[in-house]
Amino acid sequence: MWSQFVLGLLGGMGLLLFGMQILSESLQAIAGLRLKVILSTLTKNRFVGMFLGLVITVLFQSSTATSVVLVGLTSAAIITLGQTLSVLLGAGIGTTITAQLIAFKVTEISLPLVSIGAMVVFFTKRLKYRQYGLAILGFGLIFLGLQIMSDTMHPLRDDPFFQHLMVGLENKPFLAMIIAAFFAFLVHSSAAAIGIIMLLSIQGLISLESGIYLLFGANIGTCFTAVLSSIGSSRESQRVAAAQILFKLIGVLILLPFVDPFADLIAMTTANPGNQVANAHTVYNILDAAICLPFLKSFEHLLNKIIPEKKINKAMLAPHYLNEELIKSPVIGIGLATREAIHISDHISDMTFDILKVFRKHDPELLETMMEKEKYVDVLAKETSQYLAKILRQPLSKADFNRCIGLMNIVNDFEHIGDIIEKYITDLAKNKFKTSYDFSEKGWQELGEMHERICELIRMTCIALATNDLALAREVFDTQPELIKLERHFRQRHIARLREGSQCTEETSSIHLDLINALLRISEHIKNIAHIMVADSLEVDVDFANVSAYQQDYEKIDKYSANL
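Below: a short report on this structure. Keep in mind the model is a prediction, meaning the values are calculated, not measured. Within any chain, residue numbers begin from 1 and follow the written order of that chain's sequence. Per-residue local features of the predicted model are confined to residues with pLDDT of at least 70, and side-chain atom pairs are confined, for both listing and counting, to 80 or more; whole-chain, interface and lining totals are unaffected and use all residues. Only hydrogens and water are set aside; all other atoms, that is, all heavy atoms of the structure, feed into the side-chain values.

Comments concerning the overall build of the chain
A helix here means a DSSP run of H or I that spans at least four residues, while a strand means a run of E at least two residues long, and both kinds are numbered starting from the N terminus. In terms of helices and strands, the chain carries 28 helices and zero strands. Exposed residues in this analysis have more than 50% of their type's maximum accessible area, buried residues have under 20%, and partly exposed residues fall in between, with area computed by a 1.4 Å probe over protein chains only. A buried classification covers 53% of the 564 residues belonging to the chain. Contacts are assigned to residue pairs that have any heavy atoms within 4.5 Å of one another. A separation threshold of at least 6 residues defines the contact pool for the chain, and within that pool the share at least 24 residues apart is 81%. Using a 1.4 Å probe, the Shrake-Rupley method yields the accessible areas, and only the shown protein chains count as cover for residues. A total of about 26,300 Å² of accessible surface is found on the chain, and carbon and sulfur atoms cover 60% of it.

Comments concerning the packing of helix α24 (residues 470-500) against helix α26 (residues 509-534)
To obtain an axis, a line is fitted to C-alpha atoms, over the contacting stretch when the element is a helix, and the angle between two such axes runs from 0 to 180 degrees between their N-to-C directions. Their axes nearest at 8 Å, the elements α24 and α26 cross at an angle of 165 degrees. The angle between the axes of α24 and α26 places the two elements in the roughly antiparallel class. In this structure, the crossing between α24 and α26 has a hand that is left-handed. Any residue that is not Ala, Val, Leu, Ile, Met, Phe, Trp, Tyr, Cys, Pro, Asp, Glu, Lys or Arg is counted as polar, Gly included; the first ten are nonpolar and the last four charged. Along the lines of polarity and charge, the residues of the contact of α24 with α26 split into 16 nonpolar, seven polar and six charged. In these notes the angle categories are as follows: under 35 degrees is roughly parallel, over 145 is roughly antiparallel, 65 to 115 is roughly perpendicular, and the rest is oblique. Rotating anticlockwise by less than a right angle from the far helix to the near helix defines a left-handed crossing, while the corresponding clockwise rotation defines a right-handed one.

Quick look at the pattern of salt bridges
In the sections that follow, a salt bridge refers to a side-chain nitrogen of Lys or Arg positioned within 4 Å of a carboxyl oxygen of Asp or Glu. Scanning the entire structure with this criterion turns up eight salt bridges. Between lysine 375 and glutamate 372 there is a salt bridge whose closest N-O contact spans 3.8 Å. Placement of the pair is lysine 375 and glutamate 372 together in helix α21 (residues 364-392), with a separation of three residues, close to one helical turn. For glutamate 372, a relative accessible area of 39% puts it in the partly exposed group.

Description of the environment of phenylalanine 433
The residue phenylalanine 433 is located in helix α22 (residues 398-434) in this model. For phenylalanine 433, a relative accessible area of 25% corresponds to the partly exposed category. Excluding anything up to four places from it in sequence, phenylalanine 433 contacts Val358, His362, Asp363, Pro364 and Leu367.

Some thoughts on empty space enclosed by the protein
Think of a ball as big as a water molecule: rolled over the atoms, this probe shows where empty space is left. Points on a 1 Å grid, built from protein atoms alone, make a cavity when a 1.4 Å probe fits but cannot get out and make a pocket when they are open with protein on both sides within 12 Å along at least 5 of 7 lines; residues with an atom within 4 Å of a point are the lining residues. Grid points are joined across faces, edges and corners, and a volume is the space filled by probe spheres set on the points. Enumeration over the complete set of coordinates arrives at two cavities of 30 Å³ or more. Volume-wise, the largest cavity comes out at about 70 Å³. Considering the residues around the largest cavity, the lining is formed by Leu88, Leu89, Gly92, Gln244, Phe247, Lys248, Asn285 and Asp288. Residues that form the lining of the largest cavity fall into these classes: three nonpolar, three polar and two charged.

Quick look at the nonpolar core
Residues grouped as a nonpolar core are buried Ala, Val, Leu, Ile, Met, Phe, Trp, Tyr and Cys residues, joined through side-chain atoms within 4.5 Å. If you look at the biggest cluster of nonpolar residues, it comprises 69 residues, and the most contacted ones within it are Ile355, Phe359, Ile425 and Ile522. Listing elements by their share of this core, those giving two or more residues are α19 (330-353), α20 (355-361), α21, α22, α23 (441-467), α24 and α26. Of all the elements, α22 adds the most residues to this core, at 14 residues. Those residues in contact with isoleucine 355 that lie beyond four places of it in its chain are Met370, Ile421, Ile425, His451, Leu515, Leu519 and Ile522. Core analysis: the second largest hydrophobic core is formed by 32 residues, Met177, Leu214, Leu256 and Ala280 among them.

Digging into unusual backbone geometry
Notably, asparagine 468 is not glycine yet its phi reads approximately 55 degrees, a positive angle. For asparagine 468, the position within the fold is in the loop between α23 and α24.

Description of the packing of helix α5 (residues 81-94) against helix α16 (residues 273-292)
Each pair of packed helices can be described by the angle between their axes along with the distance between the axes. Packing of α5 against α16 leaves a shortest axis separation of 8 Å and a crossing angle of 165 degrees. Relative to α16, the element α5 lies roughly antiparallel. In the crossing of α5 with α16, the sense of the turn from one axis to the other is left-handed. Residue-level inspection shows Leu89, Gly92 and Ile93 of α5 in contact with α16, the latter providing Asn285, Ile286, Asp288, Ala289 and Cys292. A breakdown of the residues in the contact of α5 with α16 according to their chemical character gives five nonpolar, two polar and one charged.

Observations regarding α26
Expected span of a helix: the number of residues minus one, times 1.5 Å. Helix length check: α26 (26 residues) gives 38 Å between terminal C-alpha atoms against 38 Å at 1.5 Å per residue, within 8%. Of all 26 residues in α26, 19 are buried; the element is thus mostly enclosed.

Side note on the packing of aromatic side chains
Two aromatic rings from Phe, Tyr or Trp, using only the six-membered ring of Trp, form a pair when their centres are within 6.5 Å; if the ring planes differ by under 30 degrees the pair is stacked, by over 60 it is edge-to-face, and anything between is tilted. Enumeration over the complete set of coordinates arrives at two aromatic pairs. Relative to tyrosine 284, the ring of phenylalanine 216 lies with its centre 5.5 Å away and its plane at 50 degrees, an arrangement referred to as tilted. A residue pair is termed long-range when its members are at least 10 positions apart, and phenylalanine 216 in helix α12 (residues 208-221) and tyrosine 284 in helix α16 qualify at 68 residues. Relative to phenylalanine 299, the ring of phenylalanine 247 has its centre 5.1 Å away and its plane inclined at 90 degrees; by these criteria the two rings are edge-to-face. Of this pair, phenylalanine 247 sits in helix α14 (residues 235-255) while phenylalanine 299 sits in helix α17 (residues 296-306), placing them 52 residues apart in sequence.

Functional significance is not addressed by these values, which are geometric in nature.
Shown next, in the form of structure tokens:
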């Protein structure tokens, strides 16, 4: 009996975890960049954010998957810590839907779901429909795995050894919590752990009180996957992982002294043991969200104190050429700001040259180096813009005024290139690291050609800026539109490969297309810099006939530079 139990449990759990994996991956592929857009725009309201977390977790069938996605988005600075907190609370509620589905015996439709999903996968060549088929197949495998485990556990009700083991756990609730937390961490899913707890309860192997202790541990254990995914990433993403643990611990600590009355309350909702565990899981997460939601701002401040920003040696990040004492000599000050802009361009060109190398070598250390350079560029750009704003307050000729405004725009465009690399390209690289598939040979050729053209443009722009070569800048400006046509051509060729059914192309499709688009966006900022250099005059909302009067309005100048 025990050999059958072990094999049935392992086999059922394997189907369960595999189903959750393909369901989560297929739904994330279907959502794509739309998920990032939705999260960044709709999470500004805490109630909308909580509802969004609930919906996403219902789709992914895993609060762990949702939290890992949130860690990645905050690491890429796409959403903030404040926006993330409400989504995490909603994710806790969303993961209870799976338990409710199991409680209402949706497992009985597992085989029809598997057959429908498999037929869609095998009989369609379109990637979009295959992803939907995989999602259906994933749902079916989840419930099929639970059904197999349920059938396997049924004979254990009469086994003396197992009964003694369960009684031992009932007498040691904290040990039960630790075991459940460790198991939820191993399988990377609280839903899977809760499902097994429900099965134990349905078979009469544990009491409702023991089930509550076990689900407390499972809710805490699932948080550690997000903690692991945040290691080595930004402080913001580490705060997200810490927030999830903090929320779960608060709910457990509040309910822990009241487990018996809480169990009595849950027992009044239904007589079915499986439904009781599912209801306890749901009530716990709703109560946790209700307690924490009004205090999200306080939690944000607390997390910022617990995990402060890294102390940066400002001397190492200081600009090389700016001198505050020479601001009153505008011509010299503008020259120094120009040299600092060239310094910024050197770092941006280094980051741009390394883009494809990161994808080819799967090198996280090189990616981290790029991120550090981007932080340095942010500091340099901010200091240079503030320096130029101070120069604008001095008496200037029209030509010098135009040079200041032009330099501010050039620095701004360089900073935008760094932001594209930090917020989008590094995120694509991390996604690429997670997949075992590579770009197709033709895909690599297209990316290589696009990247080579971008590198050549930025090299020409840096030389033009350093030597004031306006002819070279004009060549950059005239050449960039060709990249728009090239990007469109590569996109069409990529879609053609998808129609042919190339597996590598299918698996890396979104990363490939997003990377080409990010390179095109970099080229647009390069074009902007070249345009500023060759333009006869800057189109700014300033009355140049009365420049000195405008310069005396310090507040307007500061506001204008801040907007840039």
